[in-house]
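# Report on the structure
Now for the letters of each chain:
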Amino acid sequence: FEKEAAGRFPVEVINMVDYGRMNAAGIIDHCVSVMGQVQHMEDMNELQMTCFEIISYVGTAKSMYINAVQKAKEGDFDAAEELIKQGDEAYNGGHDVHMGLLKKEANGERNGEAPLILLHAEDQMAGTETMRVMATELIEVHKQLQALKA
């Protein structure tokens, strides 16, 4: 992928755990450093800030889900369940922000534009939902494996 993308746009890989721990300002700073599209936070419009807020929430949730699987792999199922709960709380924060955007659009308060950053935010939400399903399934698999080993 990097070879394919070289020359067309900057490519940088971020560890998902690090990405999930970034707050909205950290994500914005990262995007600015990689893409150079926004020079100052003041240059960002409300929709862009809202999208970064969604990305921050769901990135945190995805990180929690990934860490939950790791804890289950280690046999620490209580910690895994707690991380799933924390991930759900973070995801719900992103969902609430996204719902606010949808309500504004339904009320005619938005012009219906769908910039790339909004599509990215929604893609992150969908991916995180999938990650949650996979994480909970993997935790169950690890529980069964541990029971078989006992």
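This structure is a prediction, so every number in the text was calculated from the model and none was measured.

### Focus on the nonpolar core
- Grouped together as the largest cluster of nonpolar side chains are 26 residues, with contacts concentrated most on Cys51, Ile54, Tyr65, Ala68, Ile84, Tyr91 and Ile139.
- At the level of secondary structure, the elements contributing two or more residues to this core comprise helix 4 (46–73), helix 5 (77–106) and helix 6 (116–149).
- With 12 residues, the single largest contributor to this core is helix 4.
- Sequence-distant contacts of Tyr91, that is, excluding residues within four places in its chain, are made with Tyr57, Val58, Ala61, Tyr65, Met125, Thr128 and Glu129.

### Thoughts on the packing of helix 4 against helix 6
- The contact between helix 4 and helix 6 brings their axes to 9 Å, and the two run at 15°. The angle between the axes of helix 4 and helix 6 places the two elements in the roughly parallel class. Handedness of the helix 4/helix 6 crossing: left-handed.
- Classifying every residue of the contact of helix 4 with helix 6 gives 19 nonpolar, 6 polar and 3 charged.

### Comments concerning helix 5
- The terminal C-alpha atoms of helix 5, which comprises 30 residues, lie 42 Å apart, in line with the 44 Å expected from a rise of 1.5 Å per residue.
- Those residues of helix 5 that fall on the buried side of the exposure criterion are Phe77, Ala80, Leu83, Ile84, Gly87, Ala90, Tyr91, Gly93, Gly94, Val97, His98 and Leu101.
- Buried positions along helix 5 lie against helix 4 and helix 6.
- Just beyond helix 5, the residue with positive phi is Gly108, at close to 75°.

### Quick notes on the confidence of the model for the chain
- For the chain, per-residue confidence averages 79 on the pLDDT scale, and residues scoring 70 or more make up 71% of the total.
- The low-confidence segment residues 1–17, where pLDDT is below 50, has 17 contacts with residues more than four positions distant or belonging to other chains.

### With respect to the pattern of salt bridges
- Under the defined criterion, the tally for this structure stands at 6 salt bridges.
- Of the charged contacts, one joins Arg132 and Asp88 as a salt bridge, the two residues approaching to 2.6 Å between their closest N and O atoms. Of the two residues, Arg132 sits in helix 6 while Asp88 sits in helix 5, which places them 44 residues apart along the sequence.
- We classify Arg132 as partly exposed; its relative accessible area is 29%.
- With a shortest N-O distance of 3.5 Å, Glu140 and Lys143 are connected by a salt bridge. Taken together, the positions of Glu140 and Lys143, both in helix 6 and 3 residues apart, correspond to about one turn of that helix.
- Owing to a relative accessible area of 38%, Glu140 belongs among the partly exposed residues under this scheme.
- Residue classification places Lys143 among the partly exposed residues on the basis of a relative accessible area of 27%.
- Taken together, the shared-partner salt bridges in this structure form one network comprising Glu81, Glu140 and Lys143.

### Considerations on the side chain of Arg110
- For Arg110, the location among the structural elements is in the loop between helix 5 and helix 6.
- Side-chain polar atoms of Arg110 contact the side chain of Glu105, separated by 2.5 Å.
- Sequence-distant contacts of Arg110, that is, excluding residues within four places in its chain, are made with Leu47, Leu101, Lys104, Glu105 and Leu118.

Conventions used here
- Residues numbered from 1 in each chain as written.
- Predicted model: local features only at pLDDT ≥ 70, side-chain atom pairs only at ≥ 80, totals over all residues.
- Heavy atoms only, no water.
- Core = buried A, V, L, I, M, F, W, Y, C linked by side-chain atoms within 4.5 Å.
- Buried < 20%, exposed > 50% of the residue type's maximum accessible area, 1.4 Å probe, protein only.
- Helix = DSSP H or I, 4+ residues; strand = E, 2+ residues; numbered from the N terminus.
- Contact = heavy atoms within 4.5 Å.
- Axes fitted to C-alpha atoms, helices over the stretch in contact; angles between N-to-C directions.
- Parallel < 35°, antiparallel > 145°, perpendicular 65-115°, else oblique.
- Left-handed = near helix turned anticlockwise from the far one by under 90°.
- Nonpolar A, V, L, I, M, F, W, Y, C, P; charged D, E, K, R; others polar.
- Expected span 1.5 Å × (residues − 1).
- pLDDT = per-residue confidence, 0-100.
- Salt bridge = Lys/Arg side-chain N within 4 Å of Asp/Glu carboxyl O.
- Polar contact = N/O pair within 3.5 Å; in protein donor to acceptor, adjacent residues only side chain to side chain.

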